[in-house]
Amino acid sequence: MGIDWGTLAGVFGVSLGITMVVVVMFSLGLAAWARAGHGEPAPDNSPGRHQKVASVAAVLCFASCLAVAAFGIDLIVPA
């Protein structure tokens, strides 16, 4: 029994890449969420187009992280 080092390196590379993408997407989601004003109340600002776009971007970033996590769980847990 031998180890196929090329396949092992490929799996490591893909998992490292996906991990980096998820971390970046989550960070972008947090930044967009804060930019939308969800971290603290802003009494003088009414929710404008910029805040709505930032909220939608944050939700999309978090949804993509959730989708990747759900796909990983689906791969691991047998049906």
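In case you missed it, the structure is sitting above this.
Procedures and definitions
- Residues numbered from 1 in each chain as written.
- Predicted model: local features only at pLDDT ≥ 70, side-chain atom pairs only at ≥ 80, totals over all residues.
- Heavy atoms only, no water.
- Helix = DSSP H or I, 4+ residues; strand = E, 2+ residues; numbered from the N terminus.
- Buried < 20%, exposed > 50% of the residue type's maximum accessible area, 1.4 Å probe, protein only.
- Areas by Shrake-Rupley, 256 points an atom, 1.4 Å probe, with all protein chains shown as cover.
- Axes fitted to C-alpha atoms, helices over the stretch in contact; angles between N-to-C directions.
- Parallel < 35°, antiparallel > 145°, perpendicular 65-115°, else oblique.
- Left-handed = near helix turned anticlockwise from the far one by under 90°.
- Contact = heavy atoms within 4.5 Å.
- Nonpolar A, V, L, I, M, F, W, Y, C, P; charged D, E, K, R; others polar.
- Phe/Tyr/Trp six-rings, centres within 6.5 Å; stacked < 30°, edge-to-face > 60°.
- Patch = residues over 30% accessible without salt bridge, like charges linked within 9 Å, V, L, I, M, F, W, Y side chains within 5 Å.
- Salt bridge = Lys/Arg side-chain N within 4 Å of Asp/Glu carboxyl O.
- Disulfide = S-S within 2.5 Å.

*Asks:* Is there a simple way to explain the overall build of the protein chain in this structure?
*Replies:* Broken down by element type, the protein chain carries 2 helices and 0 strands. Out of the 79 residues belonging to the protein chain, those deemed buried represent 11%. Carbon and sulfur atoms make up 74% of the accessible area of the protein chain, which amounts to about 6,400 Å² in all.

*Asks:* Teacher, can you tell me more about the environment of Ala-69 here?
*Replies:* Note on placement: Ala-69 falls in helix H2 (residues 49-76). A C-alpha to C-alpha distance of 8.9 Å links Ala-69 and Val-22, two positions 47 residues apart in sequence.

*Asks:* Would you explain the packing of helix H1 (residues 5-35) against H2 in this entry?
*Replies:* Axes are the key here: two packed helices are described by the angle between their axes and the distance separating the axes. The interhelical angle for the contact between H1 and H2, taken along N-to-C directions, is 155°, at an axis separation of 8 Å. Comparing their axes, H2 and H1 come out roughly antiparallel. As for the relative orientation of H1 and H2, their crossing is left-handed in sense. Contact residues: H1 offers Ile-18, Val-22, Met-25, Phe-26, Leu-28, Gly-29, Leu-30, Ala-32, Trp-33 and Arg-35, while H2 offers His-50, Ala-54, Ala-57, Ala-58, Cys-61, Phe-62, Ser-64, Cys-65 and Val-68. Across the contact of H1 with H2, the residue classes tally to 15 nonpolar, 3 polar and 1 charged.

*Asks:* Explain the packing of aromatic side chains to me, please; I cannot follow it from the model alone.
*Replies:* Working definition: an aromatic ring pair is given by the centre-to-centre distance plus the angle between the planes. Enumeration over the complete set of coordinates arrives at 2 aromatic pairs. Put simply, the rings of Phe-26, Trp-33 and Phe-62 pair up and form one aromatic cluster.

*Asks:* What exactly am I supposed to notice about a nonpolar patch on the surface here?
*Replies:* Together, Phe-71, Ile-73, Leu-75, Ile-76 and Val-77 make up a nonpolar patch on the protein surface, roughly 570 Å² of accessible area in all. Mapped onto the elements of the fold, Val-77 is located in the segment after H2. Judged by its relative accessible area of 49%, Val-77 falls in the partly exposed class.

*Asks:* What is the right way to read the state of the cysteines from this model?
*Replies:* A covalent bond between the sulfur atoms of two cysteines is referred to as a disulfide. Evaluation of the coordinates by the stated rule reveals 0 disulfides. Looking at Cys-61, it has no disulfide partner, and the nearest cysteine sulfur is the one in Cys-65, 7.1 Å off. Judged by its relative accessible area of 11%, Cys-61 is buried.

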